[in-house]
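As a plain string of letters, each chain reads:
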Amino acid sequence: MLKNIFDTHAHYDDEDFLLDLDDVLTSLELKGVCGVINNAANMESARQSIKLAEKYANIWAAVGVHPHDVKDMTDADIDELREMSKHKKVVAIGEIGLDYHYNFSAQDVQIKWFERQLELANELGLPVFIHDREAHADTLELLKKHRPKGVIHCFSGSVEMAREILNLGMYIGLGGAVTFKNAKTPVEVARYVPLDRLLLETDAPYMTPVPFRGKRCTSDLIAYTAEKIATEKNISAQELCDATKNNTLTLFSKIEKF
Ligand code: NI
């Protein structure tokens, strides 16, 4: 069994975990998962993420507002995020970004609050979790403008875009999508990204890897993603988990080394 699996991106405050959250989270360690960063979707989710981090030793929190929900965002929310960031287990601002697939918030509104949250992260010296769906050009432009530390979560861009992200000093997050049958570009990206700039993630309860696609995702299923990426990189899955855990502790420096 693999050890040192660090899931840098999950959503355990999602309603899919309402009935058995404690069972799921207390069993993760037995399945080789050494840590999870719970990413917020909106302000209430950020508050819940902190509660989870307070309750479970191996959970940390990212606080921020997802592009779907920025239509309701206010200046007071930025102030509350700033206060939340003082918590010792709040290790990043996220997830934030642009989603031009759904456009649940108008694009100009998405850009405005993405920039405000990038500025906040830079002010606080915290890394960011970036959500970029069908918004590669604008995302890249704003990252070049603000130069945050952080990771593009569930990276869906080309090798060319990955190269630009790496040039900005950022990390690439890969999850279940690399195992999907038609996953040509994510697999090319997995091969291309150097081992010291890669992070593993689930996006649980979403993005469940093959062979469990269609079922609810939990952090232990990273094992399937890790096997796939490791094969592409010609290393063992354990080497990959060890390296990506180290990367996680390097990028999210508020997590004490363990
Ligand atoms: Ni997510």
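Since this is a predicted model, take the numbers as computed values, not measurements. In this convention, every chain numbers its residues from 1, walking through the sequence in written order. Two thresholds apply to this predicted model, a pLDDT of at least 70 for residue-level local features and 80 or more for giving and counting side-chain atom pairs, whereas whole-chain, interface and lining totals are computed over all residues. Note that water and hydrogens are dropped before the side-chain values are worked out from all heavy atoms of the structure.

1. A look at the packing of aromatic side chains
Stacked, edge-to-face and tilted are the three classes for Phe, Tyr and Trp ring pairs, Trp counted by its six-membered ring, which pair at centre distances within 6.5 Å; planes under 30 degrees apart are stacked, over 60 edge-to-face, the rest tilted. Taken as a whole, this structure holds seven aromatic pairs when the rule is applied. Seen in terms of ring centroids, Trp-60 and Phe-258 are 6.1 Å apart; in terms of plane orientation they differ by 15°. Their pairing is stacked. Residue Trp-60 is found in strand E3 (residues 59-63), and its partner Phe-258 is found in the segment after helix H9 (237-251); the two are separated by 198 residues along the sequence. Here Trp-60 falls in the buried class, since its relative accessible area comes to 9%. An angle of 75° between the planes, with centres 5.3 Å apart, marks the rings of Phe-212 and Tyr-224 as edge-to-face. Residue Phe-212 is located in the loop between strand E8 (198-200) and helix H8 (222-233), and its partner Tyr-224 is located in helix H8; the two are separated by twelve residues in the primary sequence. Through successive ring pairs, a cluster of aromatic residues spans Phe-6, Trp-60 and Phe-258. For the cation-ring pair, Lys-89 lies above Trp-60, with the distance from its terminal atom to the ring centre recorded as 5.1 Å. What counts as a helix is a DSSP run of H or I of at least four residues, what counts as a strand is a run of E of at least two, and both are numbered from the N terminus. Relative accessible area decides the class of each residue, using a 1.4 Å probe on protein chains only: under 20% of the type maximum gives buried, over 50% gives exposed, and in between gives partly exposed. For a ring to carry a charge above it, either NZ of a lysine or CZ of an arginine must fall within 6 Å of the ring centroid while also lying within 35 degrees of the normal to the ring plane.

2. Things to note about the packing of helix H2 (residues 43-55) against helix H3 (residues 75-84)
Helix axes are fitted to C-alpha atoms over the stretch in contact, other axes to C-alpha atoms as well, and angles between N-to-C directions run from 0 to 180 degrees. Where H2 meets H3, the axes come as close as 11 Å, and the angle between the chain directions of the two elements is 10°. As judged from the angle between their axes, H2 and H3 are roughly parallel. On H3, the residues touching Met-43, Ala-46, Arg-47 and Ile-50 of H2 are Asp-77, Glu-80, Leu-81 and Met-84. When its residues are assigned to classes, the contact of H2 with H3 shows five nonpolar, no polar and three charged. For classification purposes, an angle smaller than 35 degrees is called roughly parallel, one larger than 145 roughly antiparallel, one from 65 to 115 roughly perpendicular, and anything else oblique. Should any heavy atoms of two residues lie within 4.5 Å, those residues are considered in contact. Each residue gets one label: Ala, Val, Leu, Ile, Met, Phe, Trp, Tyr, Cys and Pro are nonpolar, Asp, Glu, Lys and Arg are charged, and the others, such as Gly, are polar.

3. Points about the side chain of Asp-14
Within the fold, Asp-14 resides in the loop between strand E1 (5-10) and helix H1 (21-27). Buried charge without a salt bridge: Asp-14, with Arg-216 as the nearest opposite-charge side chain at an N-O distance of 8.2 Å. None of His or the chain ends enter the tally, which takes Lys and Arg as positive and Asp and Glu as negative. A pair is scored as a salt bridge if a Lys or Arg side-chain nitrogen falls within 4 Å of a carboxyl oxygen belonging to Asp or Glu.

4. So, the coordination of the nickel ion
Tetrahedral coordination by four donors places them ideally at 109.5 degrees to one another around the metal; octahedral coordination by six donors ideally gives 90 or 180 degrees. For the nickel ion, the full set of protein donor atoms is His-9 (NE2), His-11 (NE2), Glu-95 (OE) and Asp-203 (OD), at a range of 2.1 to 2.2 Å. One can describe the donor arrangement at the nickel ion as irregular, given that its four donor atoms subtend angles of 85 to 174° at the metal. Sequence spacing among the residues donating to the nickel ion works out to H-x1-H-x83-E-x107-D. By the burial criterion, His-9 is buried, and His-11 matches it. We call an atom a donor if it is N, O or S and sits within 2.8 Å of the metal, or 3.2 Å for Na, K and Ca. Water is not counted, so some sites may look partial. In this scheme the shape depends on donor count and angles: four donors with every angle between 85 and 135 degrees give tetrahedral, four or six donors with opposite pairs above 155 degrees and others between 65 and 115 give square planar or octahedral in turn, and any other case is irregular.

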